[in-house]
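Listed below are the residues making up each chain.
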Amino acid sequence: MKKYIFITTMSLLGLAGCRENKVQEQGNDPVEPQVVQSDANPVSIDELIANLEDSHNDQVIVVAHRGDWRNAPENSLQAIQNCIDMGVDMVEIDVRQTKDGQLVLMHDVTVDRTTTGTGKVSELTWEYLQSLQLRDGIGHSTPHKIPTLEEALEVCKGKILVNLDKSYDIFDKCYEVMEKTGTQNQVVIKGGIPYSQVKEEFGSYLDKVFFMPIVRLNDPKAKQHIDEYLEQAIPVAFEFTVPQDTISLIGDFDDIREKGASVWVNSLWPQHNGGNDDEKAALDPSVYEWFLENNIDMIQTDRPQILIDFLRSKNLHR
Amino acid sequence: MDTHQYKIMGLVIWFLVVSLHGVVGQEAHGPETSRAEQILQHLKNPSEDYIVVISHRGDWRYAPENSLMAIQRCIDLGVDVIELDFRLTKDGHLVAMHDYTVDRTTNGKGKVSELTLEEIKSFRLKNAAGVRYSGQQVPTLEEVMLLVKGKIMVNLDKTESKWVREAYEVLQRTGTVGHAIFKGNDDVKTMRDKYGSLMDSIIYMPKLWPENPDVKNFHQDYEDDLDPFYYETIFDTEDAEPLYIAKTIMKKKGDGFLAIALWDELCAGRTDEKALLEGPDSAWGWLLEQGANAIMTDRPEELIGYLSGKGLRNFDSLKE
């Protein structure tokens, strides 16, 4: 019990600390926030990147979907900070562009669900977005604001890997921000397109950022897409969608890792993982065994804390 | 007696000892009061040494709001009371649902009042932030009360002026009348006119609103009739009348003061979010300084941790 109180107090202190840093940060002064780490031995970004590039080791990379959206508004700076404090390896965030060209974090096309405002991001100005508050998980407004991509990457810099979703079509601008913040080497971009198309559209970035192809295993051309990537340019990882856990291509995962690509499968919803999803795991964490048994070494989750606890109990997460 | 008989004797004695031990063991534990009953005693004897924690819509960060999983989580965390919302279906069942419609929180569509229980049961609840489906169903009041029985109390929202009879019927059937705190905005005369002597059979916690210019009489009328032992006290500013009533009349009388730490306009800005961003003393600590005996929260785990650290969660403090 004492330990529990201590941990809770520490996390409260940690959260309180973060805010102080953010308040300092607000004066338009690009001072990097001093992060209060709850983890006594934080893993360096170099180690995180090395682990990402190594498809052979047994350490599993935990990716938090939309940040820690349970305890802070999704896609908020606090949701990212919580992930860093929790020991998450990679945070998945969504980027969109305002009418006047500002890159901001936002999942939906409109701001209606997650903020106090209304309208499409692409038809709104940055000035208007700055006047809005982010909403919490049950729809009530909070003191948190919509972050720019730049603010988000500053928080991530040197601390946590980033999966930048919805960035493919506006990648030139996103890359400028990555260069400015010096975070290019921490960012993973993904897309469900064949190699030839990526080479043509994205070729100039392929050796600058991590690109991860998404392959749906029930796609009749799945095997062909995988082989094409493995022959032309082995990606850092593949994201596989696994609607049924009887699909035979699952048996190739160990081969793919042997060849140098990590294997990413979402635990988010049952159609991603043949029914071995986060909600089942919340009732019985041994559901995550399925990922280990099938040589999956990157998992995107809505239950980062439960997944990390499970992996740590097996010595598969530092 | 030969060896065989000794063995049988031994078995018989062993059996007697074991069964006797069982009986004695049971007697030693006695008919203990359940945790829920003890929580009720804490509510009836408000103190500044045990602060009651009321979790809003269950622990909706962990599991979908108003779901059995969110309730179970509160039981596991050691929460005292869960605040839940109930609405009546087309075919007369009370189900846990905050909004008029099921649109925001499930994968279905429509008004609760225009859907049957069977239709609502076919939907699945979404997680917070609208994140897909959880596999959890919308629970009925009966399912909720059977889960909480003996373990935790429930604060029933949305039932106040419409469905007290329907809810009471379920509580009686499940033997949980003492587990449920009804609440409401109407004055005592309205409630008496509508429900008569039923008001004496339920636990009722009126809400004191700062917008009500007559809130002092509203409170006094309840005192003169139902004499509630707790009030949900809402104050948009530090000068709001309900807070003054709580700090003077209620305190003198020994009535419980429930503060709502959810949103700025309910607690003069001393919210859960402020507790996390600026430190718990600035928000929850301030509410305690005002004399709050209970706090409704969206951060049950953190609040319990804070109160425990201050020695304000000594559950056995009543047993003297």
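Please read these numbers as outputs of a predicted model, since none were measured by experiment.

**Student:** Which residues make up the packing of helix H3 (residues 68-77) of chain B against helix H5 (residues 141-148) of chain B, and what are the values?
**Tutor:** Residues and elements named next belong to chain B. Running from N to C, H3 and H5 point in directions that differ by 20 degrees, and their axes come no closer than 11 Å. The pairing of H3 with H5 is recorded here as roughly parallel in orientation. Crossing geometry of H3 relative to H5 is assigned as right-handed. Facing Leu-68, Ile-71, Gln-72 and Ile-75 of H3, the residues of H5 in contact are Glu-143, Val-144, Leu-147 and Val-148. For the contact of H3 with H5, the class distribution of residues is 6 nonpolar, 1 polar and 1 charged.

**Student:** Describe in detail unusual backbone geometry, supporting the description with residues and values.
**Tutor:** Residue and element names in this part refer to chain B. Residues other than glycine seldom take positive phi values, yet Ala-129 does so here, at roughly 60 degrees. Examined against the element boundaries, Ala-129 turns out to sit in the loop between helix H4 (117-121) and H5. Of note in this structure, Asp-227 is not a glycine but carries a positive phi near 50 degrees. Looking at the secondary structure, you find Asp-227 in the loop between helix H9 (215-224) and strand S7 (230-233). On the basis of relative accessible area, Asp-227 is assigned to the partly exposed category, the value being 39%.

**Student:** Kindly report on the side chain of Gln-290 of chain B, identifying the contributing residues and their values.
**Tutor:** Residue and element names in this part refer to chain B. Checked against the element boundaries, Gln-290 lands in the loop between helix H12 (284-289) and strand S9 (294-297). According to the relative accessible area criterion, Gln-290 is buried, its value standing at 12%. Polar side-chain contacts of Gln-290 include one of 2.8 Å to the side chain of Lys-247. Beyond its immediate sequence surroundings of up to four residues, Gln-290 is in contact with Leu-243, Lys-247 and Phe-257.

**Student:** Residues and numbers for the packing of aromatic side chains, please.
**Tutor:** Applying the stated criterion across every chain yields a total of 21 aromatic pairs over all chains. A ring pair is formed by Phe-202 of chain A and Tyr-205 of chain A, whose centres lie 5.4 Å apart and whose planes are at 50 degrees; its orientation type is tilted. On the accessibility criterion, Phe-202 of chain A (2% relative accessible area) is buried. Between the aromatic rings of Trp-290 of chain A and Phe-291 of chain A, the centroid separation amounts to 5.0 Å while the plane-to-plane angle is 90 degrees, which identifies the pairing as edge-to-face. Each of the two residues, Trp-290 of chain A as well as Phe-291 of chain A, counts as buried. By way of ring pairs, the aromatic residues Tyr-168, Phe-171, Tyr-175, Phe-202, Tyr-205 and Phe-211 of chain A are connected into one cluster. Above the plane of the ring of Tyr-62 of chain B lies Arg-73 of chain B, whose end atom (NZ or CZ) is 4.1 Å from the centre. A cation sits over an aromatic face here: Arg-270 of chain B above Trp-286 of chain B, 3.9 Å from the ring centre.

**Student:** Would you mind going over the interface of chain A and chain B in detail, with residue names and values included?
**Tutor:** Taken together, the contact between chain A and chain B spans 29 residues of the former and 30 residues of the latter. Taken together, the two surfaces of chain A and chain B that pack against each other cover about 2,800 Å², and 61% of this comes from carbon and sulfur. Applying the counting criterion to the chain A and chain B interface returns 0 salt bridges. Only helix H1 (2-25) and helix H10 (278-283) of chain A provide two or more residues apiece to the side of chain A that touches chain B. Counting residues per element, the side of chain A that touches chain B draws most heavily on H1 of chain A, at 7 residues. Partitioned by chemical class, the residues of the side of chain A that touches chain B number 13 nonpolar, 7 polar and 9 charged.

Reading guide: rules and limits
Here the residue numbering is sequential within each chain, running from 1 through the sequence in written order. Here every chain gets a letter starting at A, and every ligand a number starting at 1, in the order they are written. Side-chain atom pairs in this predicted model are given and counted only at pLDDT of 80 or more, local residue features only at pLDDT of at least 70, and totals for whole chains, interfaces and linings cover all residues. Excluding hydrogens and water, the side-chain values take into account all heavy atoms of the structure. Throughout, an axis means a line fitted to C-alpha atoms (over the contacting stretch in the case of helices), and angles, computed between N-to-C directions, take values from 0 to 180 degrees. Numbering goes from the N terminus for both helices and strands, where a helix is a DSSP run of H or I of at least four residues and a strand is a run of E of at least two. When an angle is under 35 degrees it counts as roughly parallel; over 145 it counts as roughly antiparallel; between 65 and 115 it counts as roughly perpendicular; any other value is oblique. Take the far helix as your reference; a near helix turned counterclockwise from it by less than a right angle gives a left-handed crossing, and one turned clockwise gives a right-handed crossing. Should any heavy atoms of two residues lie within 4.5 Å, those residues are counted as being in contact. Each residue receives one of three labels: charged for Asp, Glu, Lys and Arg, nonpolar for Ala, Val, Leu, Ile, Met, Phe, Trp, Tyr, Cys and Pro, and polar for the others, Gly being one of them. For each residue, the accessible area found with a 1.4 Å probe, counting protein chains only, is set against the maximum for its type, and the residue is called buried under 20%, exposed over 50%, and partly exposed in between. We call two N or O atoms a polar contact when they sit within 3.5 Å, provided that within protein one can donate a hydrogen and the other can accept it, with sequence-adjacent residues counted only if both atoms are side-chain atoms. Ring pairs are drawn from Phe, Tyr and Trp, using the six-membered ring of Trp, whenever the two centres fall within 6.5 Å, and their geometry is named by plane angle: stacked under 30 degrees, edge-to-face over 60, tilted for the rest. A ring is scored as having a charge over it whenever the NZ atom of a lysine or the CZ atom of an arginine sits within 6 Å of its centre and within 35 degrees of its normal. Values labelled buried area give the accessible surface lost by two parts on being combined, using a 1.4 Å probe and summing over both. Any Lys or Arg side-chain nitrogen located within 4 Å of an Asp or Glu carboxyl oxygen qualifies as a salt bridge.

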